[in-house]
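Analysis of the macromolecular model
So you can see what is in the structure, the chains are spelled out below.
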Amino acid sequence: MNRAQPPQVLAATAGGRSLLFHLDAGEGVPRHGHPGARVVLAVLSGEVHVTTDEGTRTLHGAEVITHDGNEPLALEADQSDTRVLVTLLGGA
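The present account deals with the structure reproduced in this document. Sequence order as written defines the numbering, with residues in each chain counted from 1. In view of the model being predicted, local features appear only for residues whose pLDDT reaches at least 70, and side-chain atom pairs are presented and counted only at 80 or more, with totals across whole chains, interfaces and linings using the full set of residues. The side-chain figures draw on all heavy atoms in the structure; neither hydrogens nor water molecules are used.

**With respect to the sheet that holds strand β2 (residues 8-13)**
Judged by pairing direction, the sheet is antiparallel, and its five strands sit side by side in the order β2-β3-β10-β5-β8 without closing on themselves. At either margin of the open sheet sits one strand with a lone partner, and together these are β2 and β8 (64-68). Within the sheet, the average angular offset between the axes of one strand and its neighbour, ignoring direction, is 15°. A pair of strands is labelled paired if DSSP reports no fewer than 2 bridges between them. The numbering of helices and of strands both runs from the N terminus, where a helix is a DSSP run of H or I of at least 4 residues and a strand a run of E of at least 2. In this structure, β2 lies alongside strand β3 (residues 16-23), joined through five bridges in antiparallel fashion. What sits directly across from Ala-11, in β3, is Ser-18. For helices, the axis comes from a line fit to the C-alpha atoms of the stretch in contact; other axes are also lines fit to C-alpha atoms, and the angle between any two N-to-C directions lies between 0 and 180 degrees.

**Considerations on the environment of Gly-15**
You can see Gly-15 is positioned in the loop between β2 and β3. Spatially, the C-alpha atoms of Gly-15 and Leu-88 are 8.3 Å apart, while their sequence positions differ by 73 residues. The contact criterion used is simple: two residues touch if any of their non-hydrogen atoms lie within 4.5 Å. If we skip the residues at most four places from it in the chain, Gly-15 touches Leu-88, Leu-89 and Gly-90.

**What about the nonpolar core?**
Only buried residues count toward a nonpolar core, which is a set of Ala, Val, Leu, Ile, Met, Phe, Trp, Tyr and Cys residues joined through side-chain atoms within 4.5 Å. Exposure categories follow from relative accessible area, calculated using a 1.4 Å probe and restricted to protein chains: below 20% of the type maximum is buried, above 50% is exposed, and the middle band is partly exposed. Ranked by internal contacts, the top residues of the largest apolar core, which has 18 residues, are Phe-21, Leu-41, Val-48, Val-50, Leu-75, Val-84 and Val-86. Sorting the residues of this core by element identifies β3, β5 (37-45), β6 (47-52), β9 (73-77) and β10 (82-90) as the ones contributing at least two each. Dropping the residues within four chain positions of it, Val-48 is found in contact with Val-43, Arg-57, Thr-58, Leu-59, Leu-75, Glu-76, Ala-77, Asp-78, Thr-82 and Val-84.

**What about the pairing of β5?**
With eight bridges joining them, β5 and β10 adopt antiparallel strand pairing. Bridged to Val-43 within β10 is Val-84.

**Re the pattern of salt bridges**
A pairing counts as a salt bridge when a side-chain nitrogen of Lys or Arg comes within 4 Å of a carboxyl oxygen of Asp or Glu. Scanning the entire structure with this criterion turns up two salt bridges. The residue Asp-81 makes a salt bridge to Arg-83 at a minimum N-O spacing of 2.7 Å.

**Concerning the pairing of β3**
Burial of β3 is extensive: six of the eight residues sit out of reach of the surface. Turn length for the β2-β3 hairpin, with the two strands adjacent in sequence and antiparallel, is two residues. Inspection of the sheet shows β3 paired to β10 by eight bridges, in the antiparallel sense. Paired with Arg-17 across the strands is Leu-88, a residue of β10.

Here you go:
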């Protein structure tokens, strides 16, 4: 996997952050966590593989999931022009 470019920060407050990732096929974010946060992943376009300790799940445009930030996850785009909105609620 090629590491994604840093995301566009859409909002940053004491309560969390919203980050927009622009990914091409094969780009992603390596395994990491967000201790104390709730993570909301919204795929705006394209297709992304989300890997957690429970396995890998493929999300398509218009799909949204939540994730416990205490558990690690990784993202990898399967299609070019993939857009993923990541919202972190709480945490450090």
